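Read off the chains here:
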Amino acid sequence: MNSLVDYDDSEGEDSFPGRSGSLIEREQETRWSTRVTSGFDLHIDRDKTERYTAPPDFSTEPATSNGRPQSTHEYTQVQNSVTCSAKRPQPPPSGLRPYMSKRQKLTTQAEPAELNKESSFKLQSKNLHILSDVSERVRPVLGRKQDGRVALPRYVQHHLQAHQGPVNTVQWCPVPHLSHLLLSASMDKTFKVWDGAASGRCVQTCSVHCGAVRDVCWLPCGQRVLSGSFDNTANVTDIETGQVVAKVENYFKVTCLALHPSDPNVFLSGGFSSEVKAWDSRSCKVVSVYRAGIQQTLDILFLSEGKEFVTSSDVVSRDSADRTLIAWDFRTTAKVSNQIFHERYTCPSLALHPQEDTFFAQTNGNYVAIFSSQKPYRMNKRKRFEGHKVEGYAVQCEMSSDGTMLASGSSTGFVHFYDYQSAQSLLRLHAHQQASVCVSLHPVLPAVVATCDWGGEIKIWK
């Protein structure tokens with residue numbers, strides 16, 4: 001009976017070694033209250049439970065991995081390390097930007113702006129230096145007499161994807177000490193100035209037209225450019241500032257321009273009209289009007305000190321082209337002759353010999369014809385330059401500054417070089433994949449040539 005009534009509770013006390021009875025009762029009460037409130041929101045005051053401190057008995061201190069109880073100092077270090085790791089800043093999740101104060105934003109935005117402003121200022125000053133000073137590439141050959149030998153280009157020095165549209169023309173600056181500058185005009189409504197002979201970098205982009213820029217030419221000072229556009233205007237632009245100095249309204253699409261050789265303030269403009277107008281850029285007023293029964297003027301060329309000029313048109317009669325080339329008296333606006341070219345081909349471009357009384361006409365018959373620049377402007381029927389293709393493109397031709405070589409583009413992408421005396425082909429250069437519409441020979445540097453094509457590409461050869 002004693003075994004049924006009396007029991008030994010030492011087993012329960014041994015199952016919780018190192019714990020007092022009050023602690024055991026408190027834990028049992030906590031478990032019972034947790035089971036009762038399991039169906040409700042349970043809020044435990046963690047401050048009260050964590051405020052209890054166990055008696056300083058080694059049996060209640062945390063044990064290490066080897067079973068040895070930790071000291072109070074070691075236990076505090078572990079808690080501090082856990083707290084520090086919990087408070088360590090974590091990287092923000094992807095897609096979220098860290099918080100930045102307004103002052104920090106203004107500071108970070110101001111620094112790149114200042115750097116960009118400083119770099120743009122340095123670039124602008126460098127471009128102005130290129131536009132106004134003599135290039136080191138040209139300086140050694142200034143004043144040197146040419147030896148008379150024909151120098152032909154062999155390889156590409158610069159390959160420029162210059163414009164977003166077809167390039168209509170390229171032209172070296174005629175001023176010797178500024179002849180490193182290359183001018184280009186495009187259907188993308190811009191014309192650009194390049195450091196063509198040296199770095200090949202664009203030093204000025206002018207967007208002064210709201211239509212395709214069909215023709216451009218340098219003024220004799222080398223600091224201004226005359227441009228004609230499909231927006232019916234012709235502008236004189238300062239290339240250093242990019243500002244328009246003079247602007248005239250033609251009331252027709254301008255396709256060709258020509259500066260007067262003795263008075264650079266006067267120029268001619270022609271295009272989709274039966275009229276050719278002479279303008280004074282100082283007053284922006286019309287000086288003279290030249291009328292012909294044509295629909296479009298393709299090109300204009302001054303002859304013999306500016307007293308006369310020749311225009312090419314798109315008029316071709318059934319049996320002859322009696323108005324394809326027309327010679328005009330500049331002062332009286334009278335027609336001097338319209339019986340110059342008697343073949344049924346239009347002439348998209350004209351060029352003048354630098355030393356002889358001769359001019360050239362590029363024809364759609366796939367050859368370059370030679371004419372006398374003196375009355376009655378007879379054509380040389382014994383000599384012509386042929387071998388290239390025109391096929392409706394405005395392919396241009398040009399003579400070298402010494403008058404010994406003629407260069408012409410081609411609709412096949414080739415550039416052809418001809419000897420002037422013999423009219424024999426000197427070189428057939430595969431320059432572009434698309435139609436090569438213009439070629440410009442450098443006035444000072446031998447064998448330096450610029451070419452452009454209908455795909456917006458410019459190449460500088462050496």
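Just so it is clear, the model here is predicted, and its values are computed rather than measured.

In terms of residue burial, strand β3 (residues 181-186) counts as a mostly covered element, since six of its six residues are buried. Residues of β3 alternate between two faces, with Leu181, Leu183 and Ala185 on one and Leu182, Ser184 and Ser186 on the opposite face, all of them buried. In terms of strand pairing, strand β2 (residues 167-172) meets β3 through five bridges, oriented antiparallel. Bridge pairing in β3 links Val170 to Ser184. Summarising the sheet, β3 and strand β4 (residues 191-195) pair through five bridges and their orientation is antiparallel. Within the sheet, the bridge partner assigned to Ser184 lies in β4 and is Lys192. With antiparallel pairing between neighbouring strands as the criterion, β3 and β4 make up a hairpin whose turn holds four residues, including Lys189 at a positive phi of roughly 75°.

Residue position: Lys459 is located in strand β28 (residues 457-461). Buried within the structure, Lys459 lacks any salt-bridge partner; its nearest side chain of opposite charge belongs to Glu457, at an N-O separation of 4.2 Å. Of the polar contacts made by the side chain of Lys459, one reaches the backbone oxygen of Ala431; its length is 2.8 Å.

Spatial ordering of the open sheet is given by β6-β7-β8-β9, a layout of four strands whose pairing is antiparallel. Two strands lie at the open edges of the sheet, namely β6 (213-218) and β9 (244-249), each paired on one side alone. Going from strand to strand, the sheet's axes swing by 15° on average, the running direction of each strand aside. Pairing analysis gives five bridges linking strand β7 (residues 224-229) to strand β8 (residues 233-238), with the strands arranged antiparallel. Bridge pairing links Val225 to Thr237 in β8.

Moving on: the confidence of the model for the protein chain. Predicted coordinates in regions of low pLDDT should not be interpreted in detail. The predicted model of the protein chain has a mean per-residue pLDDT of 81, with 72% of residues at 70 or higher. Segment residues 32-54: pLDDT under 50, and six contacts once partners within four positions in sequence are set aside and those in other chains are kept.

What follows is about the packing of aromatic side chains. For the structure shown, the criterion picks out 14 aromatic pairs. Between Phe360 and Phe385, the aromatic rings sit 6.1 Å apart at their centres with planes inclined by 65°, giving edge-to-face as the arrangement. Of this pair, Phe360 sits in strand β19 (residues 358-363) while Phe385 sits in strand β21 (residues 385-386); the two residues are 25 residues apart in sequence, bridging distant segments of the chain. With a centroid separation of 6.1 Å and 85° between ring planes, the pair formed by Phe360 and Tyr420 is classed as edge-to-face. Of the two residues, Phe360 is situated in strand β19 and Tyr420 in the loop between β24 (414-419) and β25 (425-430); the sequence distance between them amounts to 60 residues. Of the two residues examined, Phe360 and Tyr420, each falls in the buried class. Aromatic ring contacts, followed pair by pair, group Tyr290, Phe302, Phe309, Trp328 and Phe330 into a single cluster. Its end group placed over the ring of Phe272, Lys253 keeps NZ or CZ at 6.0 Å from the ring centre. The positively charged end of Arg384 is found above the aromatic ring belonging to Tyr367, 3.8 Å away from the centroid.

This structure, assessed with the given rule, holds zero disulfides. Sulfur of Cys173: no disulfide; nearest cysteine sulfur belongs to Cys221 and is 8.3 Å away. In this structure Cys173 comes out as buried when scored by relative accessible area, which is 0%.

So, on to the pairing of strand β11 (residues 266-271). Residues in a regular strand point their side chains to alternate faces of the sheet. In terms of burial, β11 is largely enclosed, as six of its six residues are buried. Side chains Val266, Leu268 and Gly270 project from β11 onto one buried face, and the interleaved Phe267, Ser269 and Gly271 project onto a second face that is buried too. The pairing of strand β10 (residues 254-259) with β11 spans five bridges and is classified as antiparallel. Within the sheet, the bridge partner assigned to Cys256 lies in β11 and is Gly270. Pairing between β11 and strand β12 (residues 275-280): four bridges, direction antiparallel. Residue pairing for β12: Val266 is matched across the bridge by Asp280. Here β11 hands over to β12 after three residues, the two strands then running antiparallel side by side.

It is worth spelling out the sheet that holds β4 at this point. Read across the sheet, four strands follow the order β2-β3-β4-β5 without closing on themselves; strand pairing throughout is antiparallel. Strand pairing shows two members of the sheet lacking a second neighbour, β2 and β5 (202-206), which therefore form its edges. The average angle at which neighbouring strand axes cross in this sheet is 15°, direction not considered. Alignment of β4 against β5, held across four bridges, turns out to be antiparallel. Counted as the bridge partner of Val193 is Gln204 from β5.

Parameters and conventions
Residues numbered from 1 in each chain as written. Predicted model: local features only at pLDDT ≥ 70, side-chain atom pairs only at ≥ 80, totals over all residues. Heavy atoms only, no water. Buried < 20%, exposed > 50% of the residue type's maximum accessible area, 1.4 Å probe, protein only. Helix = DSSP H or I, 4+ residues; strand = E, 2+ residues; numbered from the N terminus. Pairing = 2+ DSSP bridges. Lys, Arg positive; Asp, Glu negative; His and termini not counted. Salt bridge = Lys/Arg side-chain N within 4 Å of Asp/Glu carboxyl O. Polar contact = N/O pair within 3.5 Å; in protein donor to acceptor, adjacent residues only side chain to side chain. Axes fitted to C-alpha atoms, helices over the stretch in contact; angles between N-to-C directions. pLDDT = per-residue confidence, 0-100. Contact = heavy atoms within 4.5 Å. Phe/Tyr/Trp six-rings, centres within 6.5 Å; stacked < 30°, edge-to-face > 60°. Lys NZ or Arg CZ within 6 Å of the ring centre and 35° of its normal. Disulfide = S-S within 2.5 Å.

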